[in-house]
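This is what each chain is made of:
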Amino acid sequence: MRNDRADKADVLQGTLILLVLRTLEALGPLHGYGIARRIEQISKDVLQLNQGTLYPALLRMEQDGWISSKWGASEKNRKAKFYSITAAGRKRLAKETEDWRRMSSTIERFVGFDPKRLAEERG
Amino acid sequence: MSWATVVAARLRGLFEHKRLERELDDEVRFHLEMQIEDNRRTGMNPAEARYAAMRSFGGLEPMKETYRERRTFALLETTVQDLRYAVRILRKSPGFTMTAVAVLALAIGANTAMFSVLNAVLLRPLPYQSPEQLAMLWTEDPTQNFREGRSALGDIEQWRSQSRSFADMATFDAVSTFLTGADGVEQIVGASISPNLLPLLGVRPVLGRSFSTEEAEQRQRLVLIGYRFWQARFGGSHNALGATLVLNGSPCHIIGILPADFKIARLDADVWEPHTSRRAVRGAETWFVVGRLRPTVTFHQAQAEMSAVARRLNDQLPAAERNRAISVVPLSLYMVGPQSRLGLWMLGGTVFCVFLIAAANVTSLSLARSVARAREMAVRTALGASAGRIMRQLLTEGVLLASISGLAGTLLASGGVDLIRAFGPANLPRLNEVSLDLRVLGWAVAISLLAGILVGLSPAIAALRRDPHPSGEEGGRSVSGGAGTRRIRRALVVADFALAIVLLAGAGLLVRSWWYVNSIDPGFRPEGVLLMELSAPMTFSIPAKQHFYDRVLETIQAVPGVQNAGVIGELFIDNNREQVVTVERDNGTVSERLQFGREEVSAYFFKAIGTPLLRGRSFSIGDGPDTPPVTIINDAMARRSWPGHDPVGKRFKLGPRDSGQPWYTVVGVVADMRRQGPEREPFPQMFVSLAQSPPPRNMDLFIRTSSDDPMAMAGALRAAVHRVEKNAPVSEVALLEQQFGTYLAQRRFQTSLLIGFSIVALLMAAVGIYGLIQYSIATRTQEIGIRMAVGAEAGQIFRMILGEGLKLSLTGLMIGLLGALWLGQAGSSLLFGVTSRDPLTFIAVSLLLIAVAVAACCFPARRAMKIEPIVALRQE
């Protein structure tokens with residue numbers, strides 16, 4: 001039971017890292033809520049993000065040195081923790097992006113290849 | 001690239017737990033507030049907005065848990081969790097916890113205290129430079145079992161010139177010393193050392209300097225003082241250097257102060273004087289010899305070389321005297337002799353056995369608890385705890401329990417160390433160095449951990465073996481009570497009894513030895529006898545000194561309560577002496593080397609000390625300086641030199657046939673006195689009259705009193721001596737019984753500790769079997785009920801229960817007896833008068849053990865008898 005949950009989190013985490021790094025690269029320093037909003041905005045309803053899972057992922061990325069954090073004042077002058085991407089993070093983002101492209105094109109090739117035969121095998 | 005930063009971040013997480021937790025809260029709160037505000041903007045009411053925000057955030061606590069786990073090390077976090085849980089569990093059952101902690105703390109405390117003794121006496125290196133190169137050299141005579149004899153300066157000179165194994169050899173001895181101060185003369189401990197001794201040991205004075213060889217040869221009156229003496233007499237002042245002490249009547253200059261706790265081998269002194277290489281100090285013709293091996297030489301090689309030297313030297317001697325040997329013994333082995341070593345290891349092993357028994361009992365207790373906790377474990381397993389997790393939890397509990405015990409035990413040990421230093425055997429060397437140092441604390445930690453693992457592991461194993469489901473269903477009150485657990489507990493009880501019988505047998509053998517030692521006739525009657533050491537003033541001539549002793553004895557005799565008084569050169573001798581003796585027999589004259597003693601005594605000495613005269617007569621007024629020398633010998637010499645003949649009237653002399661010594665005529669034979677303690681066999685001795693021989697430097701005065709409290713007379717006796725001569729040096733007054741008793745100090749220490757420990761072991765074994773039987777009855781109530789319902793009689797039930805207990809204790813007894821027989825062999829040199837297989841002892845302790853086991857099983861068995869079948873069957 002516990003293991004199942006962990007597996008799902010890991011799958012999500014892989015993409016989450018890409019999404020977070022991309023967001024921070026595009027928008028500059030941002031707090032957690034901002035990152036979550038941005039991911040939701042971009043993905044609309046396709047990605048159902050449990051916002052809470054964002055924070056352990058941010059911690060992990062910070063420990064890995066891809067992002068850094070700093071306490072600052074939000075737009076409404078409230079104390080918030082702002083995350084920004086680091087040089088290592090940019091490198092990581094490039095690699096993640098390339099991995100993702102390669103992966104998605106591979107999947108695409110599978111998905112696009114003779115759908116009828118796949119359907120027959122199922123039937 | 002990242003593991004180091006992760007580790008760093010997580011380490012930080014470990015230490016900044018509170019702050020990071022607050023920050024996480026702040027961050028989450030900010031997130032939710034922002035979300036709520038945005039939600040309100042879309043037109044929700046506050047409650048809706050809040051609910052929606054919470055929903056989109058997801059589970060708050062699981063997120064935090066993941067976050068925390070990631071923030072620091074999961075292992076440490078769970079360990080902390082386990083610890084918290086363990087604390088809660090232990091607090092929930094204070095009865096178990098207190099019992100377990102008390103038992104383990106006592107065991108760990110006793111072990112730590114004993115280890116601190118082993119550490120100080122046996123393990124710590126001696127406080128000299130490269131102590132492993134130091135050796136004692138002895139003159140011995142294997143044919144006469146003469147060991148550890150001192151050596152003459154002439155011999156030592158030969159050894160030095162003929163051997164290559166030793167870098168140097170030095171000599172030393174204790175000399176009786178009287179210090180003249182402002183308030184009269186008092187006795188202090190003096191040592192005479194060769195000037196090369198301190199450099200040989202690598203010891204330098206803390207203040208001032210040592211003496212040079214030239215100064216020693218010129219017989220300059222220089223002296224080094226001990227640290228304690230310096231503190232006591234000079235208050236540690238630097239003015240001590242250059243000050244003058246009047247020692248034995250002549251002034252000596254203090255040139256240096258020796259380091260605190262400085263000792264040479266077993267010799268500890270207040271003042272240290274140099275002696276020359278040529279002339280020995282009067283009264284001490286032979287010396288202790290210590291040598292330093294050259295760096296690459298082993299003791300074995302040195303011994304081989306010295307044996308060759310001894311053979312060469314023997315060749316120059318008359319045939320009858322060619323039995324001398326030289327033995328090389330590592331200094332550390334001499335400091336603490338084989339007997340003391342064995343005794344200490346035995347005691348160390350004993351307390352370790354007690355520790356094992358204690359751990360076994362606590363393990364048994366916690367196993368019994370683990371059955372009751374089976375339900376808890378089942379629930380935890382059902383909730384997803386892995387086997388490893390549960391095992392870790394139980395081990396954590398065990399280690400926590402043991403750590404508390406270890407802490408308490410160490411506190412106990414520090415008290416125990418004080419007790420040992422105060423009441424331990426005074427003649428055990430280096431006992432004053434006993435302390436809790438790092439090694440001892442390490443030992444305490446090690447055995448605490450061992451206890452923790454022992455106590456935690458078996459419940460863990462039992463928990464893993466158990467199928468969680470049935471006990472979960474039965475609510476932890478399973479009828480069998482966990483067969484695996486019971487098996488382990490039975491094995492523990494068997495082990496308890498096996499260890500207990502080993503200790504009991506050892507204690508029994510030592511007690512028997514104690515009886516034998518105490519039934520030994522010392523050759524004198526020490527009850528009510530006082531002794532003091534005194535010296536005639538150094539300035540007196542020989543006749544004046546003899547006259548001084550006569551007058552002292554007369555005056556003392558006149559003191560009310562005094563029955564008899566006598567003096568002897570020295571009663572108790574701590575070192576063996578040897579002598580070539582030429583004896584006239586009916587069939588010719590024979591010279592031989594003997595272990596031999598010669599003492600000057602006053603006329604009524606034997607009467608005062610209570611040594612019976614076996615043949616012939618005592619010294620009389622007729623034996624004067626102008627009559628032929630007469631002597632009284634002891635029975636050992638009579639048996640040795642004139643076997644089967646009456647020695648009275650026979651003659652002998654000291655030295656070889658052609659020596660210039662006078663012939664002594666034997667006029668009497670006295671019983672053997674045990675002058676080296678009750679355990680050492682008497683050896684040939686001669687006594688000469690004080691009237692015919694110059695008195696030694698100082699003498700032992702013995703006073704037989706008729707008083708019930710002889711010590712009350714001490715002041716009167718000292719005053720009596722001072723009436724004769726105002727400045728006569730006199731030592732403190734002591735009881736002969738007490739003085740003689742110090743020879744048994746180590747035996748008393750060993751015996752009483754072993755008795756104590758074996759009683760503890762026996763009680764623990766009894767408690768262990770009692771607990772097990774009690775528990776077994778509790779879990780078998782139904783079975784017993786059924787048995788009684790179908791017609792079993794109370795007596796049968798009683799026998800069944802008793803039989804169960806006896807089977808276990810007898811199994812333990814058998815195993816333990818085998819162990820005791822085997823160990824007894826190794827420890828047989830500690831025994832006196834009994835063999836290590838003494839049947840009486842073994843039968844007695846076995847019966848004792850069985851009696852205790854029966855008694856321990858009787859109480860629960862009687863209760864089992866009274867079980868009402870109906871009530872029993874109605875249970876559950």
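Presented here is a report on the structure given in the accompanying data block. The residue numbering used here restarts from 1 in each chain and proceeds along that chain's sequence as written. Key to labels: chains lettered from A, ligands numbered from 1, both in the order written. The model is predicted, so local features are restricted to residues of pLDDT at least 70 and side-chain atom pairs to those at 80 or more, both for listing and for counting; the totals for chains, interfaces and linings are taken over all residues. Side-chain measures here rest on the full set of heavy atoms in the structure, leaving out hydrogens and waters.

1. With respect to the interface of chain B and chain A
Contacts are assigned to residue pairs that have any heavy atoms within 4.5 Å of one another. Taken together, the contacts link 27 residues of chain B with 29 residues of chain A. Taking the shortest distance from any N to any O, the salt bridge between Glu27(B) and Lys81(A) comes out at 4.0 Å. Residues adjacent in sequence count toward polar contacts only when both atoms are side-chain atoms; beyond that, a polar contact is any pair of N or O atoms within 3.5 Å, and within protein one must be able to donate a hydrogen and the other to accept it. On inspection of chain B and its partner chain A, the count reaches seven residue pairs in polar contact (both at pLDDT 80 or more). Helix numbers and strand numbers start at the N terminus; a helix is a DSSP run of H or I with at least 4 residues, a strand a run of E with at least 2. For the side of chain B that touches chain A, the secondary-structure elements that each account for two or more residues are helix 1 (3-15), helix 2 (17-41), helix 3 (46-57) and helix 4 (60-71) of chain B. With 11 residues, helix 2 of chain B is the largest single contributor of residues to the side of chain B that touches chain A. A side-chain nitrogen of Lys or Arg and a carboxyl oxygen of Asp or Glu constitute a salt bridge if their distance falls within 4 Å.

2. Details of empty space enclosed by the protein
Residues and elements named next belong to chain B. Think of a 1 Å grid over the protein atoms and nothing else: a 1.4 Å probe that fits but is trapped marks a cavity, an open set flanked by protein within 12 Å on at least five of seven lines marks a pocket, and residues with an atom within 4 Å of a point count as lining. Grid points are joined across faces, edges and corners, and a volume is the space filled by probe spheres set on the points. Under the counting rule described, the total for this entry stands at six cavities of 30 Å³ or more. Forming the boundary of the largest cavity are 13 residues, of which Ser366, Arg369, Arg373, Glu397 and Pro459 lie nearest the centre. At the level of elements, helix 13 (338-372), helix 15 (387-423) and helix 16 (438-465) are the ones that each hand at least two residues to the lining of the largest cavity. The biggest single contributor to the lining of the largest cavity is helix 15, with four residues. Classification used: nonpolar for Ala, Val, Leu, Ile, Met, Phe, Trp, Tyr, Cys and Pro, charged for Asp, Glu, Lys and Arg, polar for all others including Gly. Grouping the constituent residues of the lining of the largest cavity by class yields six nonpolar, four polar and three charged.

3. Regarding a nonpolar patch on the surface
Residues and elements named next belong to chain A. Taken together, Trp100, Met103, Ile107, Phe110 and Val111 make up a surface patch of nonpolar side chains, about 570 Å² in accessible area. Tracing the sequence through the fold places Phe110 in helix 4 (residues 87-112). Accessibility expressed as a relative area gives 63% for Phe110, which makes it exposed. Like-charged residues within 9 Å of one another, or nonpolar side chains (Val, Leu, Ile, Met, Phe, Trp, Tyr) within 5 Å, are grouped into patches, provided each residue has over 30% relative accessible area and no salt bridge. Only the protein chains shown count as covering a residue, and every accessible area follows the Shrake-Rupley method with a 1.4 Å probe. Burial here depends on accessible area, computed with a 1.4 Å probe over protein chains only, as a share of the maximum for the residue type. Under 20% is buried, over 50% is exposed, and the range in between is partly exposed.

4. Quick notes on the state of the cysteines
Residues and elements named next belong to chain B. Here, two cysteine sulfur atoms that lie within 2.5 Å of each other are counted as a disulfide. Per the stated rule, a full pass over the model turns up zero disulfides over all chains. Not engaged in a disulfide, the cysteine Cys858 finds its nearest cysteine sulfur in Cys857; these two sulfurs lie 7.6 Å apart. Since its relative accessible area comes to 21%, Cys858 is described here as partly exposed.

5. Brief notes about helix 22 (residues 714-724) of chain B
Residues lying three or four places apart along an α-helix face the same way, a consequence of the helix completing one turn every 3.6 residues. Residue and element names in this part refer to chain B. Residues Ala714, Leu717, Ala720, Val721 and Val724 constitute the buried set of helix 22. For helix 22, the buried positions fall inside an angular range of 125° around the axis, keeping them on one side. Where helix 22 is buried, its residues meet strand 13 (529-534), helix 19 (542-558), strand 14 (562-568) and strand 23 (699-705). Of all possible arcs, the one meant is that of the directions from the helix axis to the C-beta atoms.

6. Digging into the nonpolar core
Residue and element names in this part refer to chain B. What makes a nonpolar core is a set of buried Ala, Val, Leu, Ile, Met, Phe, Trp, Tyr and Cys residues whose side-chain atoms join them at distances within 4.5 Å. Leu401, Ile784, Ile801 and Leu849 are the most contacted members of the largest nonpolar core, which totals 70 residues. Sequence-distant contacts of Leu849, defined by excluding residues within four places in its chain, comprise Phe497, Ala500, Ile501, Leu504, Leu762 and Leu813. The next biggest cluster of nonpolar side chains, apart from the first, holds 45 residues, and it includes Leu118, Leu126, Leu201 and Ala269.

7. What to know about the pattern of salt bridges
Residue and element names in this part refer to chain B. Inspection of every chain in the model, using the stated rule, returns 39 salt bridges over all chains. With its nearest N and O atoms 3.0 Å apart, the salt bridge here joins Arg651 to Glu584. Of this pair, Arg651 sits in strand 20 (residues 651-654) while Glu584 sits in strand 15 (residues 578-585), placing them 67 residues apart in sequence. Assessed through its relative accessible area of 30%, Arg651 is described here as partly exposed.

8. Structural notes on the packing of helix 2 (residues 32-43) of chain A against helix 2 of chain B
Two elements in contact, helix 2 of chain A and helix 2 of chain B, have axes whose closest approach is 8 Å; the angle formed by their N-to-C orientations is 50°. It follows that helix 2 of chain A is oblique to helix 2 of chain B by the angle criterion. Residues Gly32(A), Tyr33(A), Ala36(A) and Arg37(A) of helix 2 of chain A form the contact with helix 2 of chain B, whose participating residues are His31(B), Met34(B), Gln35(B) and Asp38(B). The residue makeup of the contact of helix 2 of chain A with helix 2 of chain B, split by class, is three nonpolar, three polar and two charged. Working convention: axes come from line fits to C-alpha atoms, limited for helices to the stretch in contact. Angles between N-to-C directions cover 0 to 180 degrees. Any angle between 65 and 115 degrees counts as roughly perpendicular, while under 35 counts as roughly parallel, over 145 as roughly antiparallel, and the rest as oblique.

That is the geometry; function is a separate question.
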